[in-house]
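The chain contents come next:
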Amino acid sequence: MERMRRESYSCPQCRTDLHYRGLSLVKNTMFADLVEELKKTGLQAAPADHCYAGPEDVACDFCTGRKLKALKSCLVCLVSYCEKHLQPHHDVAPLKKHKLIEPSKKLQENICSRHDEVMKMFCRTDQQCICYLCSVDEHKGHDTVSAAAERTEKQRELEVSRQNIQQRIQDREKDVKELQQEVEAINDSADKAVEDSEKIFTELIRLMEKRRSDVKQQVRSQQGTEASRVKVLQEKLEQEITELKRKDAELEQLSHTEDYNEFLQNYHSLSRLSQSTDSSSINIRPLRYFEDVTAAVSELRDKLHDALREKSKNISLTVTEVSVSLPQPEAEPKTRAEFLKYAHELTLDSYTAYTYLLLSEASTKATVMSEKQSYFKHIDRFTGWYQVLSTETLTGRSYWEVEWRGGGGHVAVAYRNIRRTDNTIRGIFGLNDKSWSLACNQDRYTFWYNNVYTPVSGPQSSRVGVYLDHSAGILSFYSVSETMTLLHRVQTKFTQPLYAGLRFYYSYGVTAELCKLK
């Protein structure tokens, strides 16, 4: 009985009696609970390599050994935390009030270097962050507020600035869209103009070809008619020549007849035959044949050439007037380098030059001559004054310079429809409402417009610069030497494309040259 008692055991956890023989095991509840708890919480795996902080990352200040990447930085604690060490800031009530930001390496910059305190205030007087000790020390009496309040104020200003910028972005995007639509409209209009022009020119060429064929056919037809008429006359004359030769032979034979009776009998009939012959000759007048046709076609060619040239100018003028107005005009240039960005290479139009002006081979210089030049008559030529216009039209922003030698004259701009053949003052640059002119004499300047002159002061120089912003209605004249000095500025509204102009006084040898600026 005692042996049986010695061989019995009990569980230390549940106190259940167990016998050695016929052992009956049951579930270990404590161990089972521990296993279940481990299943719930799971075993924490070691962090992956990408979770550790590298040289460029913000490291957790609480990690020991190899540090993990910080998930957040606290502006109150001035410490950076990984996910594990950040957890108290989510669980502990006082820590929940801390300000968490993205990981930052500049947290220590929030510590006052003088007092080793967190800088939670802002001095508006000195525009810098300070600590509370600074506010009662060197910043005493200054306009100070909390950094949070200043940040809120600056945030409002920032939002206003952003709203302004966003509004400007919207405006610019709208402008870009409008300009894109303008480009599409220009392209569509240009394509249609080219297509219609091709059709018109094709029709014109077809008409010219038809007219050429008609003239050729008419000439050939008339050629055949006239040649046939001449051929008929030629044959008639040849028959008459044959008949006359026959008569001449009979008369010659009669002249050798020695029998008086036979001679006298035959003479009466032969002499009567000779007298009845038509001895009148054909009057062949000197003919020009078809030279008149050539002259007429040449005249048509010259008229067509002049018409095409005149219409081409109108077409160019119409095309030039097509412009796009940008939302805001650019600022007017201030320095010569800025002006040179708008340098315009100009040439002088020989069709407009007064006949006593000699143009250089490159058409950039004009000289007053004592002898009349061999220019042909043209509708665009100035006939009463020593003036000339540029070949190029000016519609955008342009800048050019004129160099005078041997004297002075006028630097001008003018509309194309300024009077050309008028010998009165209405055709002079500056004495009408179609031109603006700066008189550059050796001792003074004078600005002219619509027969009203304005004295202009400024340093004398042989070189004058002209700046034109056509769309903005700005025309400025400058004295150019080592520096640029504004002489006169016009603010108006230009209604047509402009041309650069030069006017000379009656002084032989004076030259003006459009300077090469590029």
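Every chain begins its residue count from 1, and numbering advances along the sequence as written. Only residues with pLDDT of at least 70 get local features here, since the model is predicted, and only at 80 or more are side-chain atom pairs given and counted; chain-wide, interface and lining totals rely on the full set of residues. Hydrogens and waters are ignored; side-chain quantities use all the structure's heavy atoms.

Looking up the protein in an unreviewed UniProt entry gives the name Tripartite motif-containing protein 16, with the organism given as Nibea albiflora.

Chemist: For this particular structure, what's the right way to read the environment of glutamine 253?
Modeler: Think of it this way: any DSSP run of H or I at least four residues long counts as a helix, any run of E at least two long counts as a strand, and we number them from the N terminus. Relative to the helices and strands, glutamine 253 is located in helix 6 (residues 147–255). Separated by 10 residues in the primary sequence, glutamine 253 and phenylalanine 263 have C-alpha atoms spaced 10.0 Å apart.

Chemist: Just to check I follow, could you spell out unusual backbone geometry for this structure?
Modeler: What you tend to see is this: most non-glycine residues have negative phi, and most peptide bonds are trans. Of note in the backbone geometry, leucine 78 takes a positive phi value of approximately 55 degrees without being a glycine. Tracing the sequence through the fold places leucine 78 in the loop between strand 3 (72–74) and strand 4 (79–81). Looking at leucine 78, the relative accessible area reads 8%, which means it is buried. Even without being a glycine, asparagine 451 presents a positive backbone phi close to 65 degrees. Each residue's exposure class comes from its accessible area (1.4 Å probe, protein chains only) as a fraction of the maximum for that residue type: buried when under 20%, exposed when over 50%, partly exposed otherwise. Asparagine 451 gets classed as partly exposed once you look at its relative accessible area, which sits at 43%.

Chemist: Explain the environment of tyrosine 445 to me, please; I cannot follow it from the model alone.
Modeler: On the secondary structure map, tyrosine 445 appears in strand 15 (residues 445–449). For tyrosine 445, a relative accessible area of 2% translates into the label buried. Along the sequence, tyrosine 445 and proline 459 sit 14 residues apart, while their C-alpha atoms lie 9.4 Å from each other. Sequence-distant contacts of tyrosine 445, defined by excluding residues within four places in its chain, comprise Leu438, Ala439, Cys440, Pro455, Val456, Gly458, Pro459, Gln460, Ser461, Ser479 and Leu487. Definition of a polar contact: a pair of N or O atoms within 3.5 Å, with one able to donate and the other able to accept a hydrogen when the atoms are protein atoms, and with sequence-neighbouring residues admitted only if both atoms are side-chain atoms. Of note is the side chain of tyrosine 445, whose polar atom sits 3.1 Å from the backbone oxygen of proline 459. It only takes one pair of heavy atoms within 4.5 Å for two residues to be counted as in contact.

Chemist: What exactly am I supposed to notice about the pattern of salt bridges here?
Modeler: When charged atoms on two side chains of opposite charge get close, those side chains can pair. Whenever Lys or Arg places a side-chain nitrogen within 4 Å of a carboxyl oxygen from Asp or Glu, that contact is recorded as a salt bridge. According to the stated counting rule, one finds 24 salt bridges in the structure shown. Where glutamate 138 meets arginine 114, a salt bridge forms, and the shortest distance between an N and an O atom there is 3.0 Å. With glutamate 138 in the loop between helix 5 (132–135) and strand 8 (144–146) and arginine 114 in the loop between strand 5 (100–101) and strand 6 (121–123), this residue pair connects regions lying 24 residues apart in the sequence. Note on arginine 114: relative accessible area 55%, which makes it exposed. Residue arginine 156 pairs with glutamate 153 through a salt bridge whose shortest N-O separation is 2.4 Å.

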